[in-house]
Amino acid sequence: VIAVSDYCNYPYNFAAWIAAGNMTSIGDFKNPNMEVIASLDPDLILATGGVQAETVETLRDLGYKVLVLNPANISGVLQNIELVGNATGKTAEAKALISNIESRIDAVVDKVANAASKPKAYYEVWYDPTSLWTAGAKAWQNELIEKAGGVNIFADQQLDYFQSSAEAVISRNPDVILLPEEGMGKGEPFWVSLDAVKARPGWSSINAVQNDRVCTVDSDTISRAGPRVADAVEELAEAFHPELF
């Protein structure tokens, strides 16, 4: 690996490496520095879809080999690991990683299978006084919640991320509220504080608030579909079924 974006922080603290001159930064995630990339002349570039789609097209037009990884579920993550293993000549390592992830997730699924109940969970993507975004059935987080022994309160919505309302959350009455630790990956949480969430108008009637089950979850593992998927499932399972862990 010869370069990363400023948002790459796994499996190492690349910011420290870059500062020490041991790694090159290509800058922004959406609009990377093309001159830096050209100076490095990489054999392979790993990218994703969505906001990077235009960048991918430009890089390919310039003759670079770009492998796009954009998994929508756990199966997609495992397929992508195998794909990268094949592309880099690390097939054995990829297979070992896949096996480890599968065994860890299976262990969680088996453990929560006999739980007394499946708590209803609300995952918050974004919130401000005029807007509330959450995850539907097609979102990556929906499968994570299910594997961990919970039920997404918006699983009946055949969408990925969508704008809902505080009234809808109150009406569906989640047993657990899940909040990413940091807002949009960096900086102060958009939800400000746990006390601020509990003090939202009308939220005192929600089971999760009454039973003090408003939880923070690692913002990277729950929002980035990647090899830390087992970490995310384990963390959610502990939040849903603390009596089993």
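Here, the structure is the one placed above.
Residues take numbers from 1 onward in each chain, read along the sequence in its written order. With pLDDT at 70 or above as the cut-off, local features in this predicted model cover only qualifying residues; side-chain atom pairs require 80 or more to be listed or tallied, and sums for whole chains, interfaces and linings still use all residues. Water and hydrogen atoms were dropped before computing side-chain values, which therefore reflect all heavy atoms in the structure.

### Quick look at the nonpolar core
Let me state the cut-off plainly: Here, nonpolar core refers to any group of buried Ala, Val, Leu, Ile, Met, Phe, Trp, Tyr and Cys residues whose side-chain atoms link them within 4.5 Å. With a 1.4 Å probe rolled over the protein chains alone, any residue whose accessible area is under 20% of its type maximum counts as buried; one over 50% counts as exposed, and the rest are partly exposed. A run of H or I in DSSP becomes a helix once it reaches four residues, and a run of E becomes a strand once it reaches two; helices and strands are each numbered from the N terminus. Contact between two residues is taken to exist if any of their heavy atoms lie within 4.5 Å; hydrogens are not considered.
Counting 31 residues, the largest nonpolar core has Leu144, Leu178, Val229, Leu236 and Phe240 as its most contacted members. Tallying contributions element by element places helix H11 (residues 229-240) first for this core, with 8 residues. Filtering out sequence-adjacent residues up to four positions away, Leu144 remains in contact with Ile74, Ile222, Val229, Ala232, Val233 and Leu236. One finds Tyr122, Ile153, Phe162 and Leu179 within the second-largest nonpolar core, a separate group that totals 18 residues.

### Structural notes on the environment of Val51
Tracing the sequence through the fold places Val51 in the loop between strand S3 (45-47) and helix H3 (53-61). Considered as a pair, Val51 and Thr216 are 165 residues apart in the sequence and their alpha carbons are 26 Å apart. Excluding residues within four positions of it along the chain, Val51 makes contact with Phe29 and Lys30.

### Quick word on the environment of Val77
Within the fold, Val77 resides in helix H4 (residues 74-88). Taking the relative accessible area as the measure of exposure, Val77 reaches 2% and is therefore buried. When the C-alpha positions of Val77 and Arg228 are compared, they lie 9.6 Å apart, and in sequence the two are 151 residues distant. When sequence neighbours within four positions are dropped, the list of residues in contact with Val77 reads Pro71, Trp140, Ala225, Gly226, Pro227 and Val229.

### Observations concerning the side chain of Gln52
Mapped onto the fold, Gln52 is located in the loop between S3 and H3. Residue class for Gln52 comes out buried when judged on its relative accessible area of 11%.

### Describing H11
Under the convention used in this document: Between the first and last residue of a helix there are one fewer steps than residues, each counted as 1.5 Å, and that sum is the expected span.
Look at H11: 17 Å from first C-alpha to last across 12 residues, which is about the 16 Å you get at 1.5 Å a residue. Along H11, the positions that sit buried rather than exposed are Val229, Ala230, Ala232, Val233, Leu236, Ala237, Ala239 and Phe240.

### Re a nonpolar patch on the surface
Here is the rule: Like-charged residues are merged into a patch within 9 Å and nonpolar side chains (Val, Leu, Ile, Met, Phe, Trp, Tyr) within 5 Å, provided each residue has over 30% relative accessible area and no salt bridge. Only the protein chains shown count as covering a residue, and every accessible area follows the Shrake-Rupley method with a 1.4 Å probe. A pairing counts as a salt bridge when a side-chain nitrogen of Lys or Arg comes within 4 Å of a carboxyl oxygen of Asp or Glu.
On the surface, a nonpolar cluster with roughly 250 Å² of combined accessible area is contributed by Tyr7, Phe29 and Val51. When its relative accessible area of 47% is taken as the criterion, Val51 is described as partly exposed.

### With respect to the pairing of strand S5 (residues 120-128)
Put simply, the test is: When DSSP locates at least two bridges between a pair of strands, those strands are taken to pair.
Across 2 bridges, the pairing between S5 and strand S7 (residues 151-152) is parallel. Bridge pairing in S7 places Ala121 opposite Asn152. Pairing analysis gives 4 bridges linking S5 to strand S6 (residues 131-135), with the strands arranged antiparallel. Counted as the bridge partner of Trp126 is Trp133 from S6. What sits between S5 and S6 in their antiparallel hairpin is a turn of 2 residues.

### Details of the packing of aromatic side chains
Rules: For Phe, Tyr and Trp, rings pair up if their centres lie within 6.5 Å, where Trp contributes its six-membered ring, and each pair is then called stacked (planes under 30 degrees apart), edge-to-face (over 60) or tilted (otherwise).
For the structure shown, the criterion picks out 7 aromatic pairs. Between Tyr122 and Phe154, the aromatic rings sit 6.4 Å apart at their centres with planes inclined by 70°, giving edge-to-face as the arrangement. In this pair, Tyr122 is assigned in strand S5 and Phe154 in the loop between S7 and strand S8 (161-163), connecting sequence segments 32 residues apart. Residue classification places Phe154 among the buried residues on the basis of a relative accessible area of 2%. When the centroid spacing of 5.0 Å and the interplanar angle of 45° are considered together, the rings of Trp126 and Phe190 count as tilted. Highlighted residues: Trp126 in strand S5 and Phe190 in the loop between strand S9 (176-180) and helix H8 (194-198), separated in sequence by 64 residues. Using a relative accessible area of 29% as the deciding quantity, one classes Trp126 as partly exposed.

Purely geometric stuff here, so don't read any function into it on its own.
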